[in-house]
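Remarks on the overall topology
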Amino acid sequence: MQAIILAGGKSSRMGQDKASMILGGKTVIQHVIDNLFFVFDEIFISGNHNNYPISKGIIKDVTTQKGPIGGIRSALEFCQEDIFVCSCDMPFVSSDLIKNILQKKIENRINVVRFGEKLYPVLGIYPFSILTDLKKTIESGNLRMISFLEQQNAHYIDLEDSFEHQLLNINTPENFRNAEIIFNNNLYK
Ligand SMILES: Nc1nc2c(ncn2[C@@H]2O[C@H](COP(=O)(O)OP(=O)(O)OP(=O)(O)O)[C@@H](O)[C@H]2O)c(=O)[nH]1
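Residues numbered from 1 in each chain as written. Predicted model: local features only at pLDDT ≥ 70, side-chain atom pairs only at ≥ 80, totals over all residues. Heavy atoms only, no water.

So, on to the site of the ligand. What surrounds the ligand is a group of 20 residues, the closest being Leu6, Lys10, Ser12, Ser46 and Asp61. Interatomic distance of 3.3 Å between a backbone N/O atom of glycine 67 and an oxygen atom of the ligand. Between the ligand and asparagine 171, the relevant distance is 3.2 Å, taken from an oxygen atom to a side-chain nitrogen or oxygen of the residue. Bound to the protein, the ligand loses 86% of the 610 Å² it would expose on its own. (Near = heavy atom within 4 Å. Polar contact = N/O pair within 3.5 Å; in protein donor to acceptor, adjacent residues only side chain to side chain. Areas by Shrake-Rupley, 256 points an atom, 1.4 Å probe, with all protein chains shown as cover.)

A few words now on the sheet that holds strand E1 (residues 2-6). Taken together, the seven strands give an open sheet; going across it, the order is E5-E4-E1-E6-E8-E7-E9, and neighbouring strands pair in mixed fashion. Either end of the sheet is taken by a strand with one partner, and the two such strands are strand E5 (58-59) and strand E9 (155-158). Where strand E7 (residues 111-115) meets strand E8 (residues 118-126), five bridges bridge the pair, whose relative direction is antiparallel. Along E8, the bridge assignment pairs arginine 114 with leucine 119. Lying on the sheet, helix H1 (residues 28-37) is in contact with E1, strand E4 (43-46) and strand E6 (83-87); it crosses E4 at an angle near 145°. (Pairing = 2+ DSSP bridges. Helix = DSSP H or I, 4+ residues; strand = E, 2+ residues; numbered from the N terminus. Contact = heavy atoms within 4.5 Å. Axes fitted to C-alpha atoms, helices over the stretch in contact; angles between N-to-C directions.)

Here we come to the nonpolar core. In terms of nonpolar packing, the biggest core is built from 29 residues, with Ile5, Ile29, Leu36, Phe84, Leu123 and Leu167 touching the most fellow members. Elements represented by at least two residues in this core include exactly E1, H1, E4, E6, helix H3 (95-104), E7 and E8. If one sorts the elements of this core by residue count, H1 sits on top with four residues. Those residues in contact with leucine 167 that sit more than four places away from it in its chain are Met90, Leu97, Val113, Phe115, Tyr120, Leu123 and Leu159. Leu6, Phe44, Val112 and Tyr126 belong to the second largest nonpolar core, which has 25 residues in total. (Core = buried A, V, L, I, M, F, W, Y, C linked by side-chain atoms within 4.5 Å. Buried < 20%, exposed > 50% of the residue type's maximum accessible area, 1.4 Å probe, protein only.)

Under the feature "binding site: GTP" (unreviewed entry), the UniProt entry names Leu6, Ala7, Gly8, Lys18, Asp61 and Asp89. Discounting residues that sit within four places of it in the chain, leucine 6 has contacts with Ser46, Pro68, Gly71, Ile72, Val85, Cys86, Ser87, Cys88 and Val122. Among the secondary structure elements, glycine 8 is positioned in the loop between E1 and strand E2 (22-23). Once residues lying within four places of it in the same chain are set aside, the contact partners of glycine 8 are Ser46, Gly47, Asn48, His49 and Tyr52. (UniProt positions renumbered as here; feature names shortened; annotations may be inferred.)

Attention now moves to the packing of aromatic side chains. This structure, assessed with the given rule, holds four aromatic pairs. Summarising the aromatic geometry, the rings of phenylalanine 40 and phenylalanine 84 are spaced 5.3 Å apart at their centres and angled 40° between planes, so their arrangement reads as tilted. Placement of the pair is phenylalanine 40 in the loop between H1 and E4 and phenylalanine 84 in strand E6, with a sequence separation of 44 residues. For phenylalanine 40, a relative accessible area of 9% gives the class buried. Consider the rings of phenylalanine 92 and tyrosine 188, whose centres lie 4.9 Å apart with planes at 20°: the pair is stacked. (Phe/Tyr/Trp six-rings, centres within 6.5 Å; stacked < 30°, edge-to-face > 60°.)

Sequence positions flagged by UniProt for "binding site: Mg(2+)" (unreviewed entry) are, in local numbering, Asp89. Taking the relative accessible area as the measure of exposure, aspartate 89 reaches 3% and is therefore buried. If near-sequence neighbours (up to four positions away) are discounted, aspartate 89 is found in contact with Lys18, Val28, Leu168, Asn169, Ile170 and Asn171.

On to the pairing of E7. Burial of E7 is extensive: four of the five residues sit out of reach of the surface. The turn linking E7 back onto E8 is made up of two residues, and glycine 116 within it adopts a positive phi angle of 60°. Sheet analysis places E7 next to E9, joined by four bridges and oriented parallel. Looking across to E9, one finds that arginine 114 is bridged to aspartate 158.

Here is the structure:
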């Protein structure tokens, strides 16, 4: 399985590139890279920006402007195997959380995190076997991750309450201020 960081988004809610914002002395995406390297030997970044902090292993989108679902499609096509996906805006996802997902996964199903009622479509495992369906869905114009998860009968991995802070997505300036509080008070550990 290959590890993919989805990082081709527009950051429109943040108003600036959220992956490059500095949190605790390093960029948000660098936190994600460092955390994934605890578990995976190799990491790829999916997206079309030109400021990623790695020079190799960048997977350009096959079709741009399709959102996260387009990034996942491009990564599956490139890797030709199952992928572990994490969003570039989740700096607190720990190796324990990743291992939890890997341990609870069901083979040949999409496995994504659920916390309470909330789904995290950009944190989990996407098997190579879904690629044909994924392409058809994108071609049909339905880019909603949640409807694709339903269509594919995805397996939802429920996490313990202790992981709550690790699931913070930094989408807005307010999310970023929360992230600083979580970081400065070590609440993510
Ligand atoms: N490769 C790739 N990744 C994407 C694309 N759109 C979004 N992503 C990534 O998918 C994850 C979830 O994206 P969102 O937070 O929903 O969207 P966003 O565009 O980053 O942010 P907003 O513009 O505020 O909605 C983030 O890690 C994004 O970088 C895309 O077109 N291609």
